[in-house]
Amino acid sequence: MKIAVIGTGAMGSVYAALLADAGNDVRAIDVWQAHVDAINADGLTVGGASGSRTVRTVSASTDIADAGQCDLYIIATKASGVGDAARSVAGVMGPDSIVLTIQNGLGAGERIARYMPTDRVLLGVAAGFGASMKGPGHAHHNAMSLIRIGEINGGLSERVEKIASVWRDAGFNVKAYADIEQLVWEKYICNSTFSAPCTVFDCTIGELMAAPDLWAIGKGCALEIHALGLAKGVNFSFDDPIAYVTAFGENMPDARPSMLLDHHARRPSEIDAINGMAEVLGAQFDIATPFNQAMTAVVRHREKAFRTP
């Protein structure tokens, strides 16, 4: 397939490298000029759970027009970049092009829907990669647990199975799901439990869970998100949200959420799409979300300083 990966940070670089190494025609689109230049000059290097490789067949650019019409566009930007990415894709995609968006948090589908019909869009959920950038043209990932994809409007389809097979052929563990919203929310409850609390308290997942006062805040965030999901009609696979997020956290005690890594690098995070969405949904369903609102307020306040010269 001809594939464009829009947003080749850590996760996007892993996607691009493995898909290209499997023989697909992959174009990497990113705003980081040094990264683009390094890929074009020396190839895209990815190390970690999938092995070490330098893929020299990836063509990189800051302009999606250079990718042109593709079979598949993978939007792997941070949540705040989804709208701009979708607008740029809408300008070059063909009549049979498919868009797969993979982000943390909620709202990606709605942002994309402003620029194209949702019958062209698939949602993805990536779990357990632990990806990071080592430098321009070089990404690393500690694991590669699972990628789940599905139609934004639900149900299984031939094209979902086709896209899933392309990812499998590239070495990813991929499953197609009829109810992708359930999976988005089940990742979202974990994101909300650990992202902002670990960031506010500058700690690993295990450290958060080991401190009773801090873990009470994480659990408070989880219970609020679970209540919102039930109000929205999400068909959770579990009845006990605390047991679910606890099991998730116990599997990666040394991990630092990407939001915390963003703050260490003094970068704005995805707070608006994660804990920040709780207030939006709470207003919609008349559900109080004080834990998520408090965590969001602290994170947003700190990020104001990142934009100060």
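In short, a report on the structure.

Reading the values: the criteria
Residues numbered from 1 in each chain as written. Predicted model: local features only at pLDDT ≥ 70, side-chain atom pairs only at ≥ 80, totals over all residues. Heavy atoms only, no water. Buried < 20%, exposed > 50% of the residue type's maximum accessible area, 1.4 Å probe, protein only. Helix = DSSP H or I, 4+ residues; strand = E, 2+ residues; numbered from the N terminus. Pairing = 2+ DSSP bridges. Right-handed = clockwise from strand over helix to strand, strands pointing away. Axes fitted to C-alpha atoms, helices over the stretch in contact; angles between N-to-C directions. Parallel < 35°, antiparallel > 145°, perpendicular 65-115°, else oblique. Left-handed = near helix turned anticlockwise from the far one by under 90°. Contact = heavy atoms within 4.5 Å. Nonpolar A, V, L, I, M, F, W, Y, C, P; charged D, E, K, R; others polar. Core = buried A, V, L, I, M, F, W, Y, C linked by side-chain atoms within 4.5 Å. Disulfide = S-S within 2.5 Å. Arc of directions from axis to C-beta. Polar contact = N/O pair within 3.5 Å; in protein donor to acceptor, adjacent residues only side chain to side chain.

What follows concerns the pairing of strand β1 (residues 2–6). Along a regular strand, successive side chains alternate from one face of the sheet to the other. Burial analysis of β1 places 4 of its 5 residues in the buried class, the great majority of the element. In terms of strand pairing, β1 meets strand β2 (residues 25–29) through 5 bridges, oriented parallel. Note that in β2 the partner of Val 5 across the bridge is Ala 28. Running through helix α1 (residues 10–21), the crossover from β1 to the neighbouring parallel element β2 is right-handed. Summarising the sheet, β1 and strand β6 (residues 72–75) pair through 4 bridges and their orientation is parallel. The residue of β6 that forms the bridge with Ile 3 is Leu 72.

Describing two packed helices takes the angle between their axes plus the distance from one axis to the other. One can describe the packing of helix α11 (residues 276–285) onto helix α12 (residues 290–306) by two numbers: an axis separation of 8 Å at closest approach and a directional angle of 135 degrees. By the criterion of interaxial angle, the relationship of α11 to α12 is oblique. As α11 packs across α12, the resulting crossing turns out to be left-handed. Contacts between α11 and α12 pair Gly 276, Ala 278 and Glu 279 from the former with Asn 292, Gln 293, Thr 296 and Arg 300 from the latter. When grouped by side-chain class, the residues that make up the contact of α11 with α12 number 1 nonpolar, 4 polar and 2 charged.

This brings us to the nonpolar core. By size, the foremost hydrophobic cluster in this structure holds 57 residues, and its most contacted members are Tyr 73 and Trp 185. The leading source of residues in this core is helix α6 (residues 180–201), at 11 residues. If sequence neighbours within four positions are ignored, Tyr 73 has contacts with Ala 4, Ile 6, Ile 64, Gly 68, Val 89, Val 92, Met 93, Ser 97, Ile 98, Val 99 and Leu 100.

Spatially, the 4 strands line up as an open sheet ordered β4-β3-β10-β9, and their pairing is mixed. The open sheet has two edge strands with one neighbour each: β4 (53–55) and β9 (131–135). Recorded for the sheet is a direction-independent mean angle of 25 degrees between the axes of neighbouring strands. Relative to strand β10 (residues 138–141), β9 runs antiparallel, the two being bridged by 4 bridges. Paired with Ala 131 across the two strands is His 141, which belongs to β10.

One pass over the full model with this rule turns up 0 disulfides. Left unpaired, Cys 190 is separated from the closest cysteine sulfur, that of Cys 198, by 12 Å.

This paragraph deals with the packing of α6 against α12. It is the contact of α6 with α12, at a shortest axis distance of 9 Å, that shows an interaxial angle of 50 degrees. In terms of orientation, α6 and α12 fall into the oblique class. Between α6 and α12 the crossing geometry is left-handed. Of the residues in α12, those in contact with Ser 192, Ala 196, Pro 197, Thr 199, Val 200 and Phe 201 of α6 are Asn 292, Met 295, Val 298, Val 299 and Arg 302. Within the contact of α6 with α12, the residues separate by chemical class into 7 nonpolar, 3 polar and 1 charged.

Okay, the environment of Ala 79 next. Looking at the element boundaries, Ala 79 is found in the loop between β6 and α3 (82–90). Those residues in contact with Ala 79 that sit more than four places away from it in its chain are Gln 103, Asn 104, Arg 111, Glu 270 and Ala 273.

The next subject is helix α9 (residues 241–250). Every buried residue belonging to α9 is among Pro 241, Val 245, Thr 246 and Gly 249, and all of these are buried. Seen end-on, α9 carries its buried residues on one side only, within an arc spanning 130 degrees. Among the structural elements, α6, α7 (205–210) and α8 (212–232) are those in contact with the buried residues of α9. For α9, the N-terminal cap is Asp 240; the gap from its side-chain oxygen to the backbone nitrogen of Ile 242 is 3.1 Å.

Spatially, 8 strands are ordered β5-β2-β1-β6-β7-β8-β11-β12 in an open sheet, and the strand pairing comes out mixed. Only two strands of the sheet have a single partner each, and these edge strands are β5 (59–61) and β12 (174–176). Neighbouring strand axes in the sheet, compared pairwise and without regard to direction, differ in orientation by 20 degrees on average. For strand β7 (residues 98–102) and strand β8 (residues 121–127), the ladder comprises 4 bridges, and the chain directions are parallel. Each bridged residue has a counterpart across the sheet, and for Thr 101 the counterpart in β8 is Leu 123. Here α3 sits on the sheet and contacts β1, β6 and β7; the angle it forms with β6, its principal contact strand, is near 165 degrees.

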